[in-house]
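Reading the structure
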Amino acid sequence: MLYTFGELFLMLVVILVAAEIFTNALEHLGQKLNISEGVTGSVFAAVGTALPETLVPILAIMGGTANASVNHEIGVGAILGAPLMLATLSTSLMGLSVLRARGHTGHIRPERSGFLRDINFFLCAYTLSALAMFIPHEGGLEALRAVISGVLVLLYFFYILLTLRASSHLVDQGHATEAEGEMFLQKLGLKVSLATILVQIAIGLGLLVAGAKGFIHGVEDASRLLGITPLLLSLMIIPIATELPEKINSILWVRKGKDTLAFGNITGAMVFQGTLLPAIGIALTPWTLRAEVLAGLTFTLAAALWLRIVVTRKGGIRVWHLMVNGALYAGYLVLALSL
(Lines give C-alpha, C1' and ligand atoms only; values in the text may rest on other atoms or scores of the structure.)
Protein backbone atom coordinates (compact mmCIF):
# COMPACT_ATOMS: atom_id res chain seq x y z
CA MET A 1 0.00 0.00 0.00
CA LEU A 2 2.84 2.43 0.90
CA TYR A 3 4.62 1.62 -2.37
CA THR A 4 1.44 2.21 -4.39
CA PHE A 5 0.80 5.65 -2.91
CA GLY A 6 4.49 6.55 -3.21
CA GLU A 7 4.33 5.70 -6.91
CA LEU A 8 1.18 7.81 -7.37
CA PHE A 9 2.85 10.82 -5.71
CA LEU A 10 6.04 10.51 -7.78
CA MET A 11 4.11 10.21 -11.04
CA LEU A 12 2.01 13.23 -10.10
CA VAL A 13 5.20 15.29 -9.74
CA VAL A 14 6.37 14.10 -13.17
CA ILE A 15 3.00 15.07 -14.67
CA LEU A 16 3.11 18.55 -13.09
CA VAL A 17 6.57 19.23 -14.53
CA ALA A 18 5.56 17.83 -17.92
CA ALA A 19 2.41 19.99 -18.02
CA GLU A 20 4.48 23.14 -17.44
CA ILE A 21 6.87 22.18 -20.26
CA PHE A 22 4.02 21.26 -22.62
CA THR A 23 1.85 24.35 -22.05
CA ASN A 24 4.86 26.67 -22.30
CA ALA A 25 5.80 25.20 -25.69
CA LEU A 26 2.19 25.25 -26.97
CA GLU A 27 1.86 28.95 -26.16
CA HIS A 28 4.99 29.67 -28.21
CA LEU A 29 3.73 27.45 -31.04
CA GLY A 30 0.41 29.30 -31.16
CA GLN A 31 2.22 32.65 -31.14
CA LYS A 32 4.66 31.50 -33.83
CA LEU A 33 1.84 30.35 -36.13
CA ASN A 34 -0.29 33.43 -35.29
CA ILE A 35 -3.36 31.36 -34.47
CA SER A 36 -6.15 31.97 -31.98
CA GLU A 37 -6.25 30.67 -28.44
CA GLY A 38 -9.25 28.60 -29.50
CA VAL A 39 -7.22 26.59 -32.01
CA THR A 40 -4.28 26.25 -29.61
CA GLY A 41 -6.49 25.01 -26.76
CA SER A 42 -9.31 23.15 -28.51
CA VAL A 43 -7.24 21.44 -31.21
CA PHE A 44 -3.51 21.36 -30.46
CA ALA A 45 -3.62 20.97 -26.66
CA ALA A 46 -6.79 18.86 -26.58
CA VAL A 47 -5.71 16.36 -29.24
CA GLY A 48 -2.08 16.30 -28.13
CA THR A 49 -2.92 15.32 -24.57
CA ALA A 50 -5.84 13.05 -25.51
CA LEU A 51 -4.00 10.90 -28.05
CA PRO A 52 -2.18 8.72 -25.47
CA GLU A 53 -5.48 8.03 -23.66
CA THR A 54 -7.14 7.15 -26.95
CA LEU A 55 -4.98 4.03 -27.08
CA VAL A 56 -6.49 2.64 -23.86
CA PRO A 57 -9.97 1.76 -25.22
CA ILE A 58 -8.60 0.86 -28.68
CA LEU A 59 -6.05 -1.59 -27.26
CA ALA A 60 -8.66 -3.00 -24.87
CA ILE A 61 -11.20 -3.55 -27.66
CA MET A 62 -8.63 -5.08 -29.99
CA GLY A 63 -7.61 -7.67 -27.40
CA GLY A 64 -6.47 -6.30 -24.07
CA THR A 65 -7.23 -9.60 -22.34
CA ALA A 66 -8.15 -13.14 -23.39
CA ASN A 67 -11.79 -12.44 -22.46
CA ALA A 68 -13.63 -10.58 -25.26
CA SER A 69 -16.47 -9.57 -22.95
CA VAL A 70 -14.06 -7.97 -20.48
CA ASN A 71 -12.27 -6.22 -23.36
CA HIS A 72 -15.53 -4.70 -24.53
CA GLU A 73 -16.49 -3.61 -21.02
CA ILE A 74 -13.14 -1.88 -20.49
CA GLY A 75 -13.26 -0.31 -23.94
CA VAL A 76 -16.81 1.03 -23.65
CA GLY A 77 -16.23 2.24 -20.10
CA ALA A 78 -13.04 4.10 -21.06
CA ILE A 79 -14.74 5.67 -24.10
CA LEU A 80 -17.73 6.96 -22.11
CA GLY A 81 -15.88 7.64 -18.87
CA ALA A 82 -13.44 10.18 -20.35
CA PRO A 83 -16.10 12.74 -21.43
CA LEU A 84 -17.86 12.22 -18.08
CA MET A 85 -14.71 13.09 -16.18
CA LEU A 86 -13.89 16.05 -18.43
CA ALA A 87 -17.39 17.58 -18.22
CA THR A 88 -17.67 17.18 -14.45
CA LEU A 89 -14.52 16.64 -12.39
CA SER A 90 -11.99 18.44 -14.63
CA THR A 91 -14.09 21.58 -14.96
CA SER A 92 -14.82 21.71 -11.22
CA LEU A 93 -11.14 21.32 -10.32
CA MET A 94 -10.32 24.14 -12.72
CA GLY A 95 -12.85 26.29 -10.88
CA LEU A 96 -11.48 25.29 -7.48
CA SER A 97 -7.98 26.31 -8.58
CA VAL A 98 -9.09 29.96 -8.92
CA LEU A 99 -11.72 30.00 -6.15
CA ARG A 100 -9.47 31.87 -3.73
CA ALA A 101 -8.24 34.37 -6.31
CA ARG A 102 -11.58 35.14 -7.99
CA GLY A 103 -14.14 34.18 -5.36
CA HIS A 104 -17.19 31.99 -5.89
CA THR A 105 -18.95 34.75 -7.89
CA GLY A 106 -15.87 35.54 -9.96
CA HIS A 107 -15.94 35.01 -13.71
CA ILE A 108 -14.21 32.54 -15.99
CA ARG A 109 -14.30 34.04 -19.47
CA PRO A 110 -13.43 31.73 -22.37
CA GLU A 111 -13.93 33.16 -25.87
CA ARG A 112 -17.67 32.67 -26.27
CA SER A 113 -18.07 31.59 -29.91
CA GLY A 114 -15.41 28.88 -29.68
CA PHE A 115 -16.76 27.63 -26.36
CA LEU A 116 -20.29 27.34 -27.77
CA ARG A 117 -18.98 25.58 -30.87
CA ASP A 118 -17.20 22.97 -28.74
CA ILE A 119 -20.18 22.35 -26.46
CA ASN A 120 -22.70 22.24 -29.31
CA PHE A 121 -20.65 19.71 -31.28
CA PHE A 122 -20.16 17.60 -28.17
CA LEU A 123 -23.85 17.58 -27.24
CA CYS A 124 -24.82 16.63 -30.78
CA ALA A 125 -22.22 13.85 -31.07
CA TYR A 126 -22.76 12.42 -27.59
CA THR A 127 -26.52 12.34 -28.06
CA LEU A 128 -26.03 10.37 -31.28
CA SER A 129 -23.71 7.98 -29.42
CA ALA A 130 -26.36 7.47 -26.74
CA LEU A 131 -29.11 6.86 -29.30
CA ALA A 132 -26.96 4.19 -30.98
CA MET A 133 -27.22 2.10 -27.82
CA PHE A 134 -30.96 1.77 -28.33
CA ILE A 135 -30.60 0.41 -31.87
CA PRO A 136 -30.72 -3.42 -31.89
CA HIS A 137 -28.15 -5.51 -33.72
CA GLU A 138 -30.80 -7.53 -35.51
CA GLY A 139 -33.73 -6.73 -37.79
CA GLY A 140 -31.56 -5.17 -40.47
CA LEU A 141 -30.72 -2.15 -38.31
CA GLU A 142 -26.96 -2.80 -38.19
CA ALA A 143 -26.53 -0.42 -41.13
CA LEU A 144 -28.04 2.42 -39.07
CA ARG A 145 -25.42 1.92 -36.38
CA ALA A 146 -22.72 2.04 -39.08
CA VAL A 147 -24.21 5.28 -40.41
CA ILE A 148 -24.09 6.86 -36.93
CA SER A 149 -20.45 5.79 -36.57
CA GLY A 150 -19.59 7.41 -39.88
CA VAL A 151 -21.49 10.61 -39.02
CA LEU A 152 -19.52 10.95 -35.78
CA VAL A 153 -16.23 10.81 -37.69
CA LEU A 154 -17.46 13.41 -40.19
CA LEU A 155 -18.64 15.64 -37.34
CA TYR A 156 -15.14 15.83 -35.90
CA PHE A 157 -13.53 16.78 -39.20
CA PHE A 158 -16.25 19.40 -39.79
CA TYR A 159 -15.54 20.74 -36.29
CA ILE A 160 -11.81 21.05 -37.09
CA LEU A 161 -12.58 22.94 -40.31
CA LEU A 162 -14.87 25.42 -38.51
CA THR A 163 -12.35 25.95 -35.70
CA LEU A 164 -9.50 26.66 -38.12
CA ARG A 165 -11.67 28.92 -40.27
CA ALA A 166 -12.60 31.05 -37.24
CA SER A 167 -8.97 31.47 -36.18
CA SER A 168 -7.93 34.46 -38.31
CA HIS A 169 -11.07 36.42 -37.37
CA LEU A 170 -10.45 35.80 -33.66
CA VAL A 171 -6.81 36.85 -34.00
CA ASP A 172 -7.99 40.16 -35.50
CA GLN A 173 -10.31 40.59 -32.51
CA GLY A 174 -7.42 40.25 -30.07
CA HIS A 175 -7.71 36.54 -29.23
CA ALA A 176 -4.32 35.55 -30.63
CA THR A 177 -2.23 33.11 -28.61
CA GLU A 178 0.42 34.97 -26.64
CA ALA A 179 3.28 33.21 -24.90
CA GLU A 180 3.98 34.19 -21.33
CA GLY A 181 7.70 34.40 -20.64
CA GLU A 182 10.58 32.66 -22.35
CA MET A 183 10.40 29.15 -23.71
CA PHE A 184 12.17 26.76 -21.35
CA LEU A 185 14.67 25.63 -24.00
CA GLN A 186 15.71 29.28 -24.41
CA LYS A 187 17.19 29.08 -20.93
CA LEU A 188 19.55 26.43 -22.28
CA GLY A 189 20.82 28.86 -24.90
CA LEU A 190 18.66 27.64 -27.80
CA LYS A 191 16.88 30.10 -30.08
CA VAL A 192 13.11 30.02 -30.48
CA SER A 193 12.25 28.37 -33.76
CA LEU A 194 9.60 25.96 -34.99
CA ALA A 195 12.09 23.12 -34.56
CA THR A 196 12.94 23.92 -30.92
CA ILE A 197 9.26 24.48 -30.11
CA LEU A 198 8.39 21.05 -31.51
CA VAL A 199 11.28 19.49 -29.56
CA GLN A 200 9.99 20.98 -26.29
CA ILE A 201 6.44 19.84 -27.12
CA ALA A 202 7.78 16.31 -27.71
CA ILE A 203 9.66 16.39 -24.40
CA GLY A 204 6.59 17.60 -22.50
CA LEU A 205 4.26 15.12 -24.19
CA GLY A 206 6.74 12.27 -23.62
CA LEU A 207 6.92 13.08 -19.91
CA LEU A 208 3.11 13.36 -19.76
CA VAL A 209 2.75 9.90 -21.29
CA ALA A 210 5.37 8.41 -18.98
CA GLY A 211 3.82 10.06 -15.92
CA ALA A 212 0.30 9.03 -16.93
CA LYS A 213 1.37 5.42 -17.52
CA GLY A 214 2.98 5.28 -14.10
CA PHE A 215 -0.12 6.86 -12.58
CA ILE A 216 -2.32 4.30 -14.34
CA HIS A 217 -0.21 1.47 -12.92
CA GLY A 218 -0.62 2.84 -9.40
CA VAL A 219 -4.38 3.34 -9.82
CA GLU A 220 -4.79 -0.18 -11.18
CA ASP A 221 -3.05 -1.54 -8.06
CA ALA A 222 -5.31 0.56 -5.86
CA SER A 223 -8.45 -0.51 -7.78
CA ARG A 224 -7.65 -4.18 -7.20
CA LEU A 225 -7.72 -3.48 -3.49
CA LEU A 226 -11.21 -1.97 -3.93
CA GLY A 227 -12.52 -5.02 -5.79
CA ILE A 228 -14.62 -3.32 -8.47
CA THR A 229 -15.84 -4.66 -11.85
CA PRO A 230 -14.00 -4.02 -15.14
CA LEU A 231 -16.83 -1.74 -16.36
CA LEU A 232 -16.78 0.39 -13.21
CA LEU A 233 -12.99 0.41 -13.32
CA SER A 234 -13.05 1.79 -16.85
CA LEU A 235 -15.87 4.27 -16.16
CA MET A 236 -14.42 5.67 -12.93
CA ILE A 237 -10.75 4.84 -12.43
CA ILE A 238 -9.18 4.72 -15.90
CA PRO A 239 -10.45 8.20 -16.99
CA ILE A 240 -9.15 9.74 -13.77
CA ALA A 241 -5.78 8.10 -14.29
CA THR A 242 -5.48 8.89 -17.99
CA GLU A 243 -7.32 12.20 -18.42
CA LEU A 244 -7.25 14.12 -15.17
CA PRO A 245 -3.44 14.36 -14.74
CA GLU A 246 -2.99 15.88 -18.18
CA LYS A 247 -5.81 18.38 -17.64
CA ILE A 248 -3.47 20.04 -15.17
CA ASN A 249 -2.67 22.09 -18.28
CA SER A 250 -6.09 23.75 -17.88
CA ILE A 251 -5.44 24.54 -14.22
CA LEU A 252 -2.11 26.15 -15.10
CA TRP A 253 -3.69 28.23 -17.86
CA VAL A 254 -6.73 29.41 -15.88
CA ARG A 255 -4.50 30.46 -12.97
CA LYS A 256 -2.58 32.64 -15.46
CA GLY A 257 -5.82 34.20 -16.68
CA LYS A 258 -5.77 32.32 -20.00
CA ASP A 259 -9.39 31.17 -19.71
CA THR A 260 -9.88 30.39 -23.41
CA LEU A 261 -6.85 28.08 -23.48
CA ALA A 262 -7.91 26.46 -20.20
CA PHE A 263 -11.48 25.71 -21.24
CA GLY A 264 -10.50 24.88 -24.82
CA ASN A 265 -8.17 22.17 -23.55
CA ILE A 266 -11.15 20.52 -21.83
CA THR A 267 -13.99 21.16 -24.29
CA GLY A 268 -11.79 20.37 -27.31
CA ALA A 269 -10.90 17.03 -25.72
CA MET A 270 -14.61 16.43 -25.07
CA VAL A 271 -15.34 16.88 -28.79
CA PHE A 272 -12.41 14.62 -29.78
CA GLN A 273 -13.43 11.89 -27.36
CA GLY A 274 -17.16 12.38 -27.92
CA THR A 275 -16.91 11.77 -31.69
CA LEU A 276 -14.02 9.56 -32.82
CA LEU A 277 -13.92 7.18 -29.85
CA PRO A 278 -17.67 6.45 -29.73
CA ALA A 279 -17.47 5.87 -33.50
CA ILE A 280 -14.93 3.12 -32.79
CA GLY A 281 -17.04 1.73 -29.93
CA ILE A 282 -20.20 1.58 -32.05
CA ALA A 283 -18.32 -0.15 -34.88
CA LEU A 284 -16.29 -2.66 -32.86
CA THR A 285 -18.26 -3.47 -29.68
CA PRO A 286 -21.84 -4.55 -28.89
CA TRP A 287 -22.42 -0.94 -27.64
CA THR A 288 -25.43 -1.94 -25.57
CA LEU A 289 -27.09 -0.15 -22.69
CA ARG A 290 -26.44 -1.07 -19.05
CA ALA A 291 -27.38 0.71 -15.85
CA GLU A 292 -23.84 2.01 -15.20
CA VAL A 293 -23.53 3.20 -18.79
CA LEU A 294 -26.92 4.95 -18.74
CA ALA A 295 -25.95 6.75 -15.53
CA GLY A 296 -22.67 7.91 -17.08
CA LEU A 297 -24.38 9.14 -20.26
CA THR A 298 -27.05 11.01 -18.30
CA PHE A 299 -24.66 12.82 -15.96
CA THR A 300 -22.27 13.70 -18.80
CA LEU A 301 -25.01 15.24 -20.94
CA ALA A 302 -26.41 17.07 -17.90
CA ALA A 303 -22.98 18.57 -17.10
CA ALA A 304 -22.36 19.65 -20.70
CA LEU A 305 -25.87 21.10 -21.00
CA TRP A 306 -25.36 23.04 -17.75
CA LEU A 307 -22.20 24.62 -19.19
CA ARG A 308 -24.13 25.43 -22.38
CA ILE A 309 -26.84 27.17 -20.35
CA VAL A 310 -24.61 29.24 -18.05
CA VAL A 311 -22.34 30.55 -20.82
CA THR A 312 -25.37 32.09 -22.55
CA ARG A 313 -26.79 33.64 -19.38
CA LYS A 314 -26.18 37.26 -18.45
CA GLY A 315 -22.88 37.38 -16.61
CA GLY A 316 -21.56 34.19 -18.19
CA ILE A 317 -19.68 31.46 -16.35
CA ARG A 318 -18.95 32.06 -12.69
CA VAL A 319 -16.69 29.95 -10.50
CA TRP A 320 -19.59 28.52 -8.52
CA HIS A 321 -21.18 27.25 -11.73
CA LEU A 322 -18.28 24.83 -12.11
CA MET A 323 -18.88 23.53 -8.59
CA VAL A 324 -22.24 22.25 -9.89
CA ASN A 325 -20.31 20.07 -12.34
CA GLY A 326 -18.28 18.68 -9.45
CA ALA A 327 -21.50 17.92 -7.57
CA LEU A 328 -22.77 16.04 -10.63
CA TYR A 329 -19.65 13.88 -10.58
CA ALA A 330 -20.14 13.15 -6.89
CA GLY A 331 -23.77 12.26 -7.59
CA TYR A 332 -22.69 9.90 -10.35
CA LEU A 333 -20.22 8.15 -8.05
CA VAL A 334 -22.88 7.61 -5.39
CA LEU A 335 -25.33 6.23 -7.95
CA ALA A 336 -22.81 4.04 -9.79
CA LEU A 337 -21.48 2.45 -6.61
CA SER A 338 -25.01 1.68 -5.43
CA LEU A 339 -26.04 -0.10 -8.66
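First, a word on what this report is: a plain description of the structure on this page. (Residues numbered from 1 in each chain as written. Predicted model: local features only at pLDDT ≥ 70, side-chain atom pairs only at ≥ 80, totals over all residues. Heavy atoms only, no water.)

1. Details of the pattern of salt bridges
Pairing between side chains of opposite charge can happen when the charged atoms of each approach one another. By the definition in use, this model includes two salt bridges. A salt bridge links R102 to D259, with the shortest nitrogen-to-oxygen separation between them at 3.0 Å. Remark: D259 occurs in helix α10 (residues 259–284) and R102 occurs in helix α4 (residues 99–102); sequence separation between them is 157 residues. On the accessibility criterion, D259 (8% relative accessible area) is buried. Notably, a salt bridge pairs R290 with E292, separated by 3.6 Å at the nearest N-O pair. According to the relative accessible area criterion, E292 is buried, its value standing at 14%. (Salt bridge = Lys/Arg side-chain N within 4 Å of Asp/Glu carboxyl O. Helix = DSSP H or I, 4+ residues; strand = E, 2+ residues; numbered from the N terminus. Buried < 20%, exposed > 50% of the residue type's maximum accessible area, 1.4 Å probe, protein only.)

2. Let's talk about the nonpolar core
Among the nonpolar cores identified, the biggest contains 75 residues, and L80, I108, F263, M270, W287 and I317 are the most heavily contacted of them. Per-element tally for this core: the top contributor is α10, with 11 residues. Aside from chain neighbours lying at most four places away, what touches F263 is T91, M94, I108, P110, F115, G268, L307, I317 and L322. Core analysis: the second largest hydrophobic core is formed by five residues, L84, F299, Y332 and A336 among them. (Core = buried A, V, L, I, M, F, W, Y, C linked by side-chain atoms within 4.5 Å. Contact = heavy atoms within 4.5 Å.)

3. Considering the side chain of R117
Mapped onto the elements of the fold, R117 is located in helix α5 (residues 112–132). An unpaired buried charge is present at R117: no salt bridge exists, and D118, the closest side chain of opposite charge, is 4.6 Å distant. With sequence-adjacent residues up to four places away left out, R117 is seen in contact with Y159, L162, T163 and A166. (Lys, Arg positive; Asp, Glu negative; His and termini not counted.)

4. Considering the packing of α5 against α10
When two helices pack together, their arrangement is given by the angle between their axes and by how far apart the axes lie. Axis separation between α5 and α10 bottoms out at 9 Å; the angle between their running directions is 25°. The angle between the axes of α5 and α10 places the two elements in the roughly parallel class. Crossing of α5 over α10 shows left-handed handedness. Of the residues in α10, those touching α5 at F115, D118, I119, F121, F122, A125, Y126, S129 and A132 are F263, G264, T267, G268, M270, V271, G274, T275, P278 and I282. Among the residues forming the contact of α5 with α10, the class breakdown is 12 nonpolar, six polar and one charged. (Axes fitted to C-alpha atoms, helices over the stretch in contact; angles between N-to-C directions. Parallel < 35°, antiparallel > 145°, perpendicular 65-115°, else oblique. Left-handed = near helix turned anticlockwise from the far one by under 90°. Nonpolar A, V, L, I, M, F, W, Y, C, P; charged D, E, K, R; others polar.)

5. Some points on the packing of helix α11 (residues 291–312) against helix α12 (residues 319–338)
Remark: α11 packs on α12, axes separated minimally by 10 Å, with the N-to-C direction vectors making an angle of 175°. Viewed along their axes, α11 and α12 adopt a mutual orientation that is roughly antiparallel. Contacts between α11 and α12 involve E292, A295, G296, F299, A302, A303, W306, L307 and V310 on the former and, on the latter, W320, H321, L322, V324, N325, L328, G331, Y332 and L335. Looking at the contact of α11 with α12 residue by residue, the class counts come to 13 nonpolar, four polar and one charged.

6. Some points on unusual backbone geometry
Positive phi is not limited to glycine here, since W287 has a value of about 50°. Note that W287 resides in the loop between α10 and α11.

7. Some points on the environment of L99
Checked against the element boundaries, L99 lands in helix α4. Here L99 falls in the partly exposed class, since its relative accessible area comes to 32%. For the pair L99 and M323, spaced 224 residues apart in sequence, the C-alpha to C-alpha distance is 10.0 Å. Once residues lying within four places of it in the same chain are set aside, the contact partners of L99 are H104 and V319.

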